[in-house]
Amino acid sequence: MARKVVIAGNWKMNKTASEGKALVEALKETTKGICPNCADIIVCPPFTTLVSVIEAAKGSNIKVGAQNIHWADNGAFTGEIAGNMLKELGVEYVIIGHSERRQYFGETDETVNLRLKAALKNDLKPIVCIGELLEERESGATEKVLFTQLDGGLKDISAADMEKIILAYEPVWAIGTGKTATPDIAEETHKYIRSFLADKYGKEVADKIVIQYGGSMKAENAEALVGQADIDGGLIGGAALKADSFTALIENAIAGAKNK
Ligand code: PEP
């Protein structure tokens, strides 16, 4: 079945409010020719840049996501942001469980699950990240690691809610390193993730779920990666920080999807 291409740019801790506005103004020009039905284009700036980016994106096909969400509605959680705060700003998507959150900020499958439920409760579209470390891949533990992340992260999530979730498979060894999983390796892993979803939710639901690839995806490899049967787009770091590179990547990903 045909799933829509979804490309999300994770700006990480880059771009002030004015820099973010300028990038979106540029993206509005460079992505003008991309048909809205061919791909969903999302940018995920830092919290402080959300307002200027949402304002700049108005009237375009560029959608906006945050990079994290706390599970509580409010309260004594210094430095955290609640779902209703994002929703009120006009945020549509939220990245959850990025490997940098897991590595540097103690994110676990349990907290991923709590944040995911908060996103769904606030009608935000979650992009849930999973992926193995290099030593886990090298020791043959990739599927075991992904099983644990999916099992814990998606705990108590119904089939109806699952259909609102995007998964991003990001091998940690490929993030920001310039090392991309080959299209074959990425596809093999995406296939495994879809088989997990089919076991848990049935094939019909599994076939609807968008599974992005992330890890040094760029214009040069986007066509081959998204040309794979189970790869439906990308979560992009470095290549999302410039309008030209992000646009070329989106165009090539759409070309890849057309070759399926
Ligand atoms: C990411 O941060 O999610 C990512 C995939 O980064 P990069 O594209 O830079 O590897």
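Use the structure listed above.
Here is what the cut-offs are and how they apply
For every chain, the first residue of the written sequence is number 1, and numbering continues from 1 along that sequence. Local features in this predicted model are restricted to residues of pLDDT 70 or higher, and side-chain atom pairs are both shown and tallied only at a pLDDT of 80 or more, whereas totals for entire chains, interfaces and linings draw on every residue. Only hydrogens and water are set aside when side-chain values are computed; all heavy atoms of the structure are taken into account. Among buried residues, the Ala, Val, Leu, Ile, Met, Phe, Trp, Tyr and Cys ones that are joined through side-chain atoms within 4.5 Å form a nonpolar core. For each residue, the accessible area found with a 1.4 Å probe, counting protein chains only, is set against the maximum for its type, and the residue is called buried under 20%, exposed over 50%, and partly exposed in between. By the convention used here, residues are in contact when the closest approach between their heavy atoms is within 4.5 Å. If even one non-hydrogen atom of a residue comes within 4 Å of a molecule or strand, that residue is called near it. For the purposes of these results, a polar contact is taken to be a pair of N or O atoms within 3.5 Å, where, inside protein, one atom must be able to donate a hydrogen and its partner to accept one; residues adjacent in sequence count only when each atom of the pair is a side-chain atom. Lys, Arg, Asp and Glu make up the charged group, whereas Ala, Val, Leu, Ile, Met, Phe, Trp, Tyr, Cys and Pro make up the nonpolar group; the residues left over, Gly among them, are polar. Pairs of cysteine sulfur atoms within 2.5 Å are what we label disulfides. The convention used is that axes are lines fitted to C-alpha atoms, helices contributing only their stretch in contact, and that angles between N-to-C directions extend from 0 to 180 degrees. For the purposes of this entry, the term helix denotes a DSSP run of H or I that reaches at least four residues, the term strand denotes a run of E that reaches at least two, and both are numbered from the N terminus. Working rule for angles: under 35 degrees goes down as roughly parallel, over 145 as roughly antiparallel, 65 to 115 as roughly perpendicular, anything else as oblique. Handedness of a crossing is defined here by the sense of rotation of the near helix relative to the far one, left-handed for an anticlockwise turn of less than a right angle and right-handed for a clockwise turn. For salt bridges, the criterion is a side-chain nitrogen of Lys or Arg within 4 Å of an Asp or Glu carboxyl oxygen. Summarising the geometry, the arc corresponds to the directions from the helix axis toward the C-beta atoms. Expected span of a helix: the number of residues minus one, times 1.5 Å.

Summarise the nonpolar core; cite the residues concerned and give the values.
In this structure, Leu154, Met162, Ile193 and Leu197 are the most contacted members of the largest nonpolar core, which totals 67 residues. The contact partners of Met162, leaving out residues within four places of it in the chain, are Leu154, Ile157, Leu167, Leu197, Tyr201, Val205 and Ile209.

A description of the site of the ligand should follow, citing residues and the corresponding values.
Taken together, 14 residues lie around the ligand, and Lys12, Glu170, Gly176, Ser216 and Gly237 are the ones closest in. Between His98 and the ligand, the recorded distance is 2.9 Å, taken from a side-chain N or O atom to an oxygen atom. The contact in question runs from an oxygen atom of the ligand to an N or O atom on the backbone of Ser216, over 2.7 Å. For the shell around the ligand, a count of residues per class yields 4 nonpolar, 8 polar and 2 charged.

Break down the state of the cysteines for me, citing the residues and quoting the values.
For the structure shown, the criterion picks out 1 disulfide. In this model, Cys35 is linked to Cys38 through a disulfide, with the two sulfur atoms separated by 1.9 Å. Of note, the bridge from Cys35 to Cys38 carries an S-S torsion of about 90° and is right-handed in sense. Note on Cys38: relative accessible area 23%, which makes it partly exposed. In this model Cys44 remains outside any disulfide bridge; the closest cysteine sulfur is found in Cys129, 9.3 Å from its own. Here Cys44 falls in the buried class, since its relative accessible area comes to 0%. Overall, the relative accessible area of 2% leaves Cys129 in the buried class.

Just give me the short version of the packing of helix α1 (residues 17-30) against helix α12 (residues 243-258), but keep the residues and values in it.
Between two packed helices, both the angle of their axes relative to each other and the distance between the axes serve to describe the pair. Interaxial distance between α1 and α12 falls to 9 Å at its minimum, and their mutual angle equals 40°. Put simply, α1 runs oblique to α12. Two packed elements cross with a definite hand, and for α1 against α12 that hand is right-handed. Of α12, the residues touching α1 (which contributes Leu23, Ala26, Leu27 and Thr30) are Ala243, Asp244, Phe246 and Thr247. Looking at the contact of α1 with α12 residue by residue, the class counts come to 5 nonpolar, 2 polar and 1 charged.

Break down the pattern of salt bridges for me, citing the residues and quoting the values.
Pairing between side chains becomes possible if they bear opposite charge and their charged atoms approach one another. Summed over all chains, the structure comprises 22 salt bridges. Residues Lys191 and Asp230 are paired through a salt bridge, measuring 3.2 Å at the closest nitrogen-oxygen approach. Of the two residues, Lys191 is situated in helix α9 (residues 183-201) and Asp230 in the loop between α11 (219-226) and β8 (233-236); the sequence distance between them amounts to 39 residues. As a salt-bridge pair, Asp207 and Lys203 come within 2.6 Å of each other at their nearest N and O atoms. Overall, Asp207 belongs to the buried group, its relative accessible area being 18%. Exposure remark for Lys203: the relative accessible area of 59% places this residue in the exposed category. Where salt bridges share partners, they join Arg3, Glu187, Lys191, Arg194, Asp230 and Asp232 into one cluster.

Report on the environment of Thr148, specifying residues and quantitative values.
Residue placement: Thr148 occurs in helix α7 (residues 142-153). The exposure class assigned to Thr148 is partly exposed, which follows from its relative accessible area of 44%. Sequence spacing of Thr148 and Thr247 is 99 residues, and the spatial spacing of their C-alpha atoms is 35 Å. For Thr148, the side chain forms a polar contact with the main-chain oxygen of Lys144, separated by 3.0 Å.

Give a detailed account of α11, specifying residues and quantitative values.
Inspection of α11 places Ala219, Asn221, Ala222, Leu225 and Val226 among the buried residues, and these make up the whole buried set. All buried residues of α11 project into a common sector of 155° when viewed along the axis, lining one side. Considering only its buried residues, α11 is in contact with β1 (5-10), α9, β7 (211-213), β8 and α12.

Give a detailed account of α12, specifying residues and quantitative values.
Taking 1.5 Å of rise per residue, 16 residues should cover 22 Å, and α12 covers 23 Å from first to last C-alpha, within 8% of that figure. Taken together, the buried positions of α12 are Ala243, Phe246, Thr247, Leu249, Ile250, Ala253, Ile254 and Gly256. Next to the buried residues of α12 lie β1, α1, β2 (39-44), α11 and β8.

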